[in-house]
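As a plain string of letters, each chain reads:
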Amino acid sequence: MKHRIVNHCIASAVAAVLLASAGVRADDPRSRVGTLAFENETGVAATIDVAGPLDLSNPFFQNLGSNGRACVSCHQPAEGWTVTPSGIRARFLATGGTDPIFRTNDGSHSPLADVSTLPARIAAYDMLLTKGLIRVGIGIPANAEFELVGVDDPYGYASAAELSLFRRPLPATNLRFLNTVMWDGRETFLDPTSTMCVLGTSRCYASLHFDLADQSNAATTGHAQGTQDLSTEQREAIVAFESSLYTAQVYDRDAGVLDAFGARGGPGPLVDQASYFGINDVVSGDYRSGASFDGNVFSLYGNWDSTETAGNVARESPRADARMAIARGEKLFNTRVIQISGVKGLNDDFNVPVLDGSCSTCHDAPNAGDHSVPMPLNIGVADASRRTPDLPLYTLRNLATGEIVQTTDPGRALITGKWNDIGKFKGPTLRGLAIRAPYFHNGSAADLDAVVDFYNQRFSIGLTAQEHGDLVAFLRSL
């Protein structure tokens, strides 16, 4: 089967560049007729559609709601199948803030925002324009172990009936590697008849296909304000399309082509990458093989560990230096010891106050980088101490103990009602990172430097300047 890189004219923000390689060799039987990829700040990312040429008649591209939106409105191919502030600003300038992404039900900071004039629209859609954030409205569950006792909402809208939660749209690509759909897992369903069960527990999950089909409908009736549910055929078509996409960085401005000299960057190798529920689980080991957890989660750039193998023999020493930095960063990701503490969902669940781990402890899916079973964690991104003035702050009280906590987003707790789930979010797949800044659920890290800074500070890792640079180089190569 031939795989073709998606060529999509709807994407509006970044230019396309024709490349000769996207992680699949020209003599590989899977090679394409041509490769169309999209530039980003550190190089070029590319998407393979294993189903063949892009089908613009797919419901993914159709207006199936009532407000002009389609799936593609918030999942732009040129922006890693999500949206970025620069792309959103370009659409605002081109349309005066009337593009379908600019709708008050979730695009503005409040459904009551004034959008009658251009200055008003600039103010109303500021979270989209500056951080690429969509407002998600979720209320406190009726059975919650906590109550809302205080709201500091700069937009004067949020209440216990509907908290305003500002979150980044997740990429509609590389979906085969998912175990959890949506940041808070609200589109990941339990199924007692399923065989996908977390070892040692009674938590069994529906298929990813089921979750994605439900999510396609929820997004249409919610974000697109559809007045009727999607048909089974429409849901199936959307899931089939999304599931055929693989995206990764293919070219780095310093290291060059990311599959040179035996490396395995680019989207091509993702097509055949092993992935299943419980693969290489950090807690229980591999569910199928029974093998122990292997911390060497990423194995893309091991061939670049010396000047000879990184290209110096080809008189490419500047490229070789950059490639060796990526290789060092990959090794750091896999092996640099981090004393993990204070992470709800990890330290408390397993009664381990301090866990000697690494980046791969919480990103254990091989060469994908999310977690291989549902495991939402609270690493502190939504803590009150990290609040910025543009985010609401919620004060919650434990009904049983009276304990108080403040957060900008209760996360998983708004789905389960559990006190201990406050601030928990899933870890997203890491491939294609360079094209989709900013990062974390609330866009609080403007770039990958800020991501590494966060973890370095949060866990007192003590990275040297070179280690910091190497980790950033690796992350932007994904």
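Owing to the predicted nature of the structure, the values given are computational and were not obtained by experimental measurement.

### A closer look at the overall build of the protein chain
Next, step 1: Scanning the protein chain from N- to C-terminus turns up ten helices and 15 strands.
Next, step 2: Relative to its length of 478 residues, the protein chain is compact, with a C-alpha radius of gyration of 22 Å against a globular reference of 23 Å.
Next, step 3: By its C-alpha atoms, the protein chain is 65 × 50 × 45 Å across when sized along the principal axes.
Next, step 4: In the protein chain, which comprises 478 residues, the share counted as buried stands at 57%.
Next, step 5: By sequence separation, contacts in the protein chain at least 24 residues apart represent 67% of the contacts at least 6 residues apart.
Next, step 6: Carbon and sulfur atoms make up 53% of the accessible area of the protein chain, which amounts to about 19400 Å² in all.
Next, step 7: Taking the average place of the 39 positive charges on the side chains of the protein chain and the average place of its 52 negative ones, the gap between the two points comes to 2 Å.

### Concerning the state of the cysteines
Two cysteines, two sulfur atoms, one covalent bond between them: this is a disulfide.
Next, step 1: For the structure on display, the rule yields one disulfide.
Next, step 2: For Cys-197, the disulfide goes to Cys-204, at an S-S distance of 1.9 Å. When the S-S torsion is 105°, as for the bridge of Cys-197 with Cys-204, the disulfide is right-handed. The two residues Cys-197 and Cys-204 agree in class, both being buried.
Next, step 3: In this structure Cys-71 is a free cysteine whose sulfur lies 9.3 Å from that of Cys-74, the closest cysteine sulfur available.
Next, step 4: You can see Cys-359 has no disulfide; the closest cysteine sulfur is in Cys-362, sitting 9.0 Å from it.
Next, step 5: The class for Cys-359 is partly exposed, based on a relative accessible area of 21%.

### Re the nonpolar core
General note: in soluble globular proteins, nonpolar side chains tend to be found buried as a group.
Next, step 1: Ranked by size, the top nonpolar core spans 42 residues in total, and within it Phe-298, Tyr-301, Trp-304, Ile-326, Phe-474, Leu-475 and Leu-478 carry the most contacts.
Next, step 2: Looking at this core, the elements that each hand over two or more residues are helix 6 (317-335), strand 12 (338-341), helix 9 (448-458) and helix 10 (465-476).
Next, step 3: No other element matches helix 6, which puts six residues into this core.
Next, step 4: Leu-148, Ala-158, Ala-413 and Ile-422 belong to the second largest nonpolar core, which has 14 residues in total.

### Digging into helix 5 (residues 232-243)
Next, step 1: Under the 1.5 Å per step criterion, the end-to-end length of helix 5 is 16 Å for twelve residues, consistent within 8% with the ideal 16 Å.
Next, step 2: Along helix 5, the residues classified as buried are Arg-235, Ile-238, Val-239, Phe-241 and Glu-242. Buried residues of helix 5, viewed axially, fall in a sector of 165°; they line one side. Of the residues in helix 5, the exposed ones pointing more than 90 degrees away from the buried face are Thr-232 and Glu-233.

### Focus: the pairing of strand 15 (residues 404-407)
Next, step 1: Note: strand 14 (residues 393-398) against strand 15, four bridges, orientation antiparallel. Paired with Leu-396 across the bridge in strand 15 is Val-405.
Next, step 2: Counted along the chain from strand 14 to the antiparallel partner strand 15, the turn is five residues long, and its residue Gly-402 has a positive phi close to 80°.

### Focus on the sheet that holds strand 14
Next, step 1: The three strands lie next to each other as 6-14-15, forming an open sheet whose pairing is antiparallel. Since the sheet does not close on itself, it has two edges, and those belong to strand 6 (146-152) and strand 15, each with one partner. Mean inter-strand twist for the sheet, computed between neighbouring axes without regard to direction, equals 25°.

### Overview of the packing of helix 6 against helix 10
Next, step 1: Two numbers describe how helix 6 lies on helix 10: the axes approach to 7 Å, and their chain directions differ by 95°. By the angle class used here, helix 6 and helix 10 are roughly perpendicular. On helix 10, the residues touching Ala-325, Ile-326, Arg-328, Gly-329, Glu-330, Leu-332 and Phe-333 of helix 6 are Gln-466, Glu-467, Asp-470, Leu-471, Ala-473, Phe-474 and Leu-475.
Next, step 2: In the contact of helix 6 with helix 10, the residues fall into eight nonpolar, two polar and four charged.

### What about the packing of helix 9 against helix 10?
Next, step 1: Close contact between helix 9 and helix 10 brings their axes to 9 Å; oriented N to C, the two are set at 125°. It follows from the interaxial angle that helix 9 and helix 10 lie oblique. In this structure, helix 9 meets helix 10 at a crossing whose hand is right-handed. Note on element contacts: helix 10 touches helix 9 through His-468, Leu-471, Val-472, Leu-475 and Arg-476, opposite Leu-448, Asp-449, Val-452 and Asp-453.
Next, step 2: Here the contact of helix 9 with helix 10 is composed, by residue class, of five nonpolar, one polar and three charged.

### Examining the confidence of the model for the protein chain
Next, step 1: Taken over all residues, the pLDDT of the protein chain has a mean of 91, while the share at 70 or more is 90%.
Next, step 2: Confidence drops under a pLDDT of 50 for residues 1-34, and excluding neighbours within four residues, the segment shows 109 contacts in the predicted structure.

### Brief notes about the side chain of His-441
Next, step 1: Structurally, His-441 can be placed in the loop between helix 8 (413-416) and helix 9.
Next, step 2: Dropping the residues within four chain positions of it, His-441 is found in contact with Leu-133, Phe-166, Arg-167, Arg-168, Trp-183, Val-381, Ala-382, Asp-409 and Phe-425.

### Some details on a negative patch on the surface
Next, step 1: On the surface, Glu-41, Asp-447, Asp-449 and Asp-453 cluster together to form a negatively charged patch.
Next, step 2: Checked against the element boundaries, Asp-447 lands in the loop between helix 8 and helix 9.
Next, step 3: Judged by relative accessible area, Asp-447 falls into the partly exposed class, the value being 36%.

Here is what the cut-offs are and how they apply
Residues numbered from 1 in each chain as written. Predicted model: local features only at pLDDT ≥ 70, side-chain atom pairs only at ≥ 80, totals over all residues. Heavy atoms only, no water. Helix = DSSP H or I, 4+ residues; strand = E, 2+ residues; numbered from the N terminus. Rg over C-alpha atoms; globule rule 2.2 N^0.38 Å. Buried < 20%, exposed > 50% of the residue type's maximum accessible area, 1.4 Å probe, protein only. Contact = heavy atoms within 4.5 Å. Areas by Shrake-Rupley, 256 points an atom, 1.4 Å probe, with all protein chains shown as cover. Lys, Arg positive; Asp, Glu negative; His and termini not counted. Charge placed at Lys NZ, Arg CZ, Asp CG, Glu CD. Disulfide = S-S within 2.5 Å. Core = buried A, V, L, I, M, F, W, Y, C linked by side-chain atoms within 4.5 Å. Expected span 1.5 Å × (residues − 1). Arc of directions from axis to C-beta. Pairing = 2+ DSSP bridges. Axes fitted to C-alpha atoms, helices over the stretch in contact; angles between N-to-C directions. Parallel < 35°, antiparallel > 145°, perpendicular 65-115°, else oblique. Nonpolar A, V, L, I, M, F, W, Y, C, P; charged D, E, K, R; others polar. Left-handed = near helix turned anticlockwise from the far one by under 90°. pLDDT = per-residue confidence, 0-100. Patch = residues over 30% accessible without salt bridge, like charges linked within 9 Å, V, L, I, M, F, W, Y side chains within 5 Å. Salt bridge = Lys/Arg side-chain N within 4 Å of Asp/Glu carboxyl O.

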